[in-house]
Amino acid sequence: MNDPSANAFLVPEELTVDAHDKQNMGWGRLAAMVVTSTVIMFFLMYQLVYGWDHALFSLTRLISSLVMGCVMVAVMLVFMWPMSDPALQS
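All values reported here derive from a predicted model rather than from experimental measurement. (Residues numbered from 1 in each chain as written. Predicted model: local features only at pLDDT ≥ 70, side-chain atom pairs only at ≥ 80, totals over all residues. Heavy atoms only, no water.)

**Some words on the packing of helix 2 (residues 27-44) against helix 3 (residues 59-80)**
So, step 1. Direction vectors running N to C along helix 2 and helix 3 enclose 145 degrees, while the axes themselves pass 9 Å from each other. The handedness of the crossing between helix 2 and helix 3 comes out as right-handed. In contact with Trp27, Leu30, Met33, Val34, Ser37, Thr38, Met41 and Phe42 of helix 2, helix 3 contributes Arg61, Leu62, Ser65, Leu66, Met68, Gly69, Met72, Val73, Met76, Leu77 and Met80.
So, step 2. Residues of the contact of helix 2 with helix 3, tallied by class, amount to 14 nonpolar, four polar and one charged. (Axes fitted to C-alpha atoms, helices over the stretch in contact; angles between N-to-C directions. Helix = DSSP H or I, 4+ residues; strand = E, 2+ residues; numbered from the N terminus. Left-handed = near helix turned anticlockwise from the far one by under 90°. Contact = heavy atoms within 4.5 Å. Nonpolar A, V, L, I, M, F, W, Y, C, P; charged D, E, K, R; others polar.)

**A closer look at helix 3**
So, step 1. Taking 1.5 Å of rise per residue, the 22 residues of helix 3 would be expected to cover 32 Å, and the 31 Å separating its terminal C-alpha atoms lies within 8% of that figure.
So, step 2. The set of residues buried in helix 3 consists of Ser65, Gly69 and Met76. Each buried residue of helix 3 sits inside an arc of 40 degrees when the element is viewed along its axis, so together they form one side. Opposite the buried face of helix 3, at more than 90 degrees from it, the exposed residues are Leu59, Thr60, Cys70 and Val78.
So, step 3. As for helix 3, its buried residues are in contact with helix 2. (Expected span 1.5 Å × (residues − 1). Buried < 20%, exposed > 50% of the residue type's maximum accessible area, 1.4 Å probe, protein only. Arc of directions from axis to C-beta.)

**Thoughts on the environment of Met41**
So, step 1. With respect to the element layout, Met41 can be found in helix 2.
So, step 2. The buried category is assigned to Met41, whose relative accessible area is 19%.
So, step 3. Sequence spacing of Met41 and Leu66 is 25 residues, and the spatial spacing of their C-alpha atoms is 8.9 Å.
So, step 4. Sequence-distant contacts of Met41, defined by excluding residues within four places in its chain, comprise Ser65, Met68, Gly69 and Met72.

**Section: the packing of aromatic side chains**
So, step 1. Taken as a whole and assessed by the stated rule, the structure comprises four aromatic pairs.
So, step 2. For the pair Phe42 and Phe43, a centre-to-centre distance of 5.4 Å together with 70 degrees between the ring planes defines the contact as edge-to-face.
So, step 3. Judged by its relative accessible area of 15%, Phe42 falls in the buried class.
So, step 4. Under the relative-accessibility criterion, Phe43 is labelled exposed at 56%.
So, step 5. Through a chain of ring-to-ring contacts, the aromatic side chains of Phe42, Phe43, Tyr46 and Phe57 assemble into a single cluster. (Phe/Tyr/Trp six-rings, centres within 6.5 Å; stacked < 30°, edge-to-face > 60°.)

**Re helix 2**
So, step 1. With 18 residues, helix 2 ought to run about 26 Å at 1.5 Å a step, and its terminal C-alpha atoms sit 26 Å apart, in line with that.
So, step 2. Among the residues of helix 2, Leu30, Val34, Thr38, Met41 and Phe42 are the ones counted as buried. The buried residues of helix 2 all sit within an arc of 105 degrees when viewed along its axis, so they share a single face. The exposed set on the far side of helix 2, more than 90 degrees from its buried face, consists of Gly28, Arg29, Val35 and Phe43.
So, step 3. Looking at the buried side of helix 2, the elements it contacts are helix 3.

Here's what the structure looks like:
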């Protein structure tokens, strides 16, 4: 009866529903990730500037960064929304 392959499909304790509740991300952390990524994208828009004297504020770069941040939120929510369904966690 001590077949080692029988235990191969047991779920480790750290992957149970209780452990998942402890790792629940929350909306604040999602917002912080998106804001951080959007700010980084804004500054990366300046990577192709020839010289520092040409690195002036650009409304186009700001709007582009905000659009990319909004698209990132939409994509993350589409992929992560099923993970937040409590019925799937049981």
